[in-house]
Amino acid sequence: MQKQFKIGNKFVGGDAPAFIVAEMSANHLQDFERAKAIIKAAADAGADAVKLQTYTADTITLDCDNDYFQITQGTIWDGTTLHKLYEEAYTPWEWQPDLVKYANELGLECFSSPFDSTAVDFMEKMDMPAYKIASFEINDIPLIRKIARLKKPMIFATGIAYLEDIERALSVCKEEGNEQVMLLKCTSQYPSPYESMNLKVIPNMAEVFDCSTGLSDHSMGCTVAVASVALGAKMVEKHLTLSRADGGPDAEFSMEPAEFKQMVEEIRIVEKALGKVTYELTEQQIRSREDGRSLFVVKDVKAGEAFTEENVRSIRPNFGLHTMYYEEILGKKAKTDIVKGTPLAWNIVEF
């Protein structure tokens, strides 16, 4: 069983239901009321938490236009610089205490991804219950060490991580005595092609790293997210916007509220269906056994007449002898007259 810990008041991992996170990212479009509306939509859709991102353009990169800072990796953001993208996408810090409070009022946990040391200090002032490490920061060892020392849950996206990156990050957490760790399978393509998702990594990571695992999903629709839960994902994170048509840096691969709600509902259905390992039958299944097969007399038989393939058959329903006795019955004789449709029983067989 995957390790369990708490994010705020909610259990994550172990036998707890999948913890479903609505990632706001840049979908607020620099509008505070829209940010609140996204949080409300997340709550209405059945999310467990909403996640923010805590950075400014200057804390995450440099305002520089040389070749190093151009976005040219074949993404939806190609053609601009890192600084310009993050100027558009960042969530104003002055909003965040109010957004946390609003989320909590709606029954949601609220946490964030910090992208430098000052963001961690700011998040601690809000007493955020967990820290998400973006996959592009999984090699920022000083940042990971600072967060690990806080002894709060740490959620790592692994989208651009090599195996050794994951091992190094987790070893830092362990050195600092923090084993409240969740690894999220992530494909850092926006949107992510289905054939690149490799969901089989989710149970493998749980086994290899002995920790809880989940999915940070940038694919379209809810199919991949729902399937991940069947494979053991204990956290599912998806971007949420009010409408993709409104635009924004993350709109193209974000879910709309109705889609997010459908995903949550389907995940909860899958969790019910997964159930537990058992070979016991329900009461209804036990009753349904009456419609199984058994041995019946299918023609009138006189006393002393032999049972044959013509007058005994395995048919439904299940009120006669078990079919495993068929060969043993053939050739034996009837103890009494038997009418067609009588369940075969030992007390009418002559020995």
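Note: the structure precedes this text.
The text that follows walks through the structure, step by step, so that each part is easy to find. What you see is a predicted model, and the numbers here were worked out from it, not measured in a lab. (Residues numbered from 1 in each chain as written. Predicted model: local features only at pLDDT ≥ 70, side-chain atom pairs only at ≥ 80, totals over all residues. Heavy atoms only, no water.)

### So, the overall build of the protein
Across its full length, the protein holds twelve helices and 15 strands. For 351 residues, the compact-globule estimate of 2.2 N^0.38 gives 20 Å, and the C-alpha radius of gyration of the protein, at 30 Å, exceeds that figure by more than 25%. Oriented by its inertia axes, the alpha-carbon framework of the protein measures out at about 100 × 45 × 40 Å. Put simply, the protein has 351 residues, and 48% of those count as buried. Contacts in the protein between residues at least 24 apart in sequence constitute 65% of all its contacts with a sequence separation of at least 6. Summed over all atoms, the accessible surface of the protein reaches about 17,400 Å², with 51% contributed by carbon and sulfur. With 38 positive and 54 negative side-chain charges, the protein shows a spacing of 9 Å between the two charge centroids. (Helix = DSSP H or I, 4+ residues; strand = E, 2+ residues; numbered from the N terminus. Rg over C-alpha atoms; globule rule 2.2 N^0.38 Å. Buried < 20%, exposed > 50% of the residue type's maximum accessible area, 1.4 Å probe, protein only. Contact = heavy atoms within 4.5 Å. Areas by Shrake-Rupley, 256 points an atom, 1.4 Å probe, with all protein chains shown as cover. Lys, Arg positive; Asp, Glu negative; His and termini not counted. Charge placed at Lys NZ, Arg CZ, Asp CG, Glu CD.)

### What to know about the packing of helix H5 (residues 117–125) against helix H6 (residues 141–148)
Remark: H5 packs on H6, axes separated minimally by 10 Å, with the N-to-C direction vectors making an angle of 20°. As far as their axial angle goes, H6 and H5 are roughly parallel. In this structure, H5 meets H6 at a crossing whose hand is right-handed. The segment H5 lies against H6, with Ser117, Val120 and Asp121 engaging Leu143, Lys146 and Ile147. Across the contact of H5 with H6, the residue classes tally to three nonpolar, one polar and two charged. (Axes fitted to C-alpha atoms, helices over the stretch in contact; angles between N-to-C directions. Parallel < 35°, antiparallel > 145°, perpendicular 65-115°, else oblique. Left-handed = near helix turned anticlockwise from the far one by under 90°. Nonpolar A, V, L, I, M, F, W, Y, C, P; charged D, E, K, R; others polar.)

### Quick word on the layout of surface pockets
By volume, the largest pocket is sized at about 860 Å³. Around the largest pocket, the lining is made up of 39 residues, and of these Trp77, Leu85, Tyr86, Phe136 and Tyr190 lie nearest the centre. Contributing elements (two or more residues each) for the lining of the largest pocket: strand E4 (49–54), helix H3 (82–89) and strand E10 (235–239). Take the lining of the largest pocket: its biggest share by element is four residues, from H3. Of the residues that constitute the lining of the largest pocket, the class distribution is 19 nonpolar, 14 polar and six charged. A volume near 280 Å³ is recorded for the second largest pocket. Contributions of two or more residues to the lining of the second largest pocket are made by helix H9 (223–230) and helix H10 (257–274). (1 Å grid on protein atoms, 1.4 Å probe; cavity = no way out; pocket = protein on both sides within 12 Å on 5 of 7 lines; lining within 4 Å. Points joined across faces, edges and corners; volume = space filled by probe spheres on them.)

### A few points about unusual backbone geometry
Note that the residue after Tyr190, namely Pro191, is joined by a cis bond; omega there is -5°. With respect to the helices and strands, the residue Pro191 is situated in the loop between strand E8 (181–186) and helix H8 (201–209). Following Arg316, the chain continues to Pro317 via a peptide bond in cis, the omega torsion being 10°. Here Pro317 is to be found in the loop between strand E12 (312–315) and helix H12 (326–329).

### Some remarks on the nonpolar core
Phe156, Phe260 and Met263 are the most contacted members of the largest nonpolar core, which has 59 residues in total. Element by element, the count of residues in this core is highest for helix H1 (residues 32–45), at six residues. Apart from residues lying up to four places away in sequence, Phe156 is in contact with Ile133, Ile138, Ile144, Ala169, Leu170, Cys173, Val181, Met182, Leu183 and Leu184. (Core = buried A, V, L, I, M, F, W, Y, C linked by side-chain atoms within 4.5 Å.)

### Focus: the pattern of salt bridges
Throughout the structure, instances matching the rule amount to 19 salt bridges. With a shortest N-O distance of 3.4 Å, Asp210 and Lys3 are connected by a salt bridge. Of this pair, Asp210 sits in the loop between H8 and strand E9 (212–217) while Lys3 sits in the segment before strand E1 (4–7), placing them 207 residues apart in sequence. We note a salt bridge from Arg145 to Glu175, for which the minimum N-O separation is 3.1 Å. Taken together, the residues span a long stretch of sequence, with Arg145 in helix H6 and Glu175 in helix H7 (residues 163–175) at a distance of 30 residues. Here the salt bridges share partners, and the residues they tie into one network are Lys10, Asp48, Arg268 and Glu271. (Salt bridge = Lys/Arg side-chain N within 4 Å of Asp/Glu carboxyl O.)

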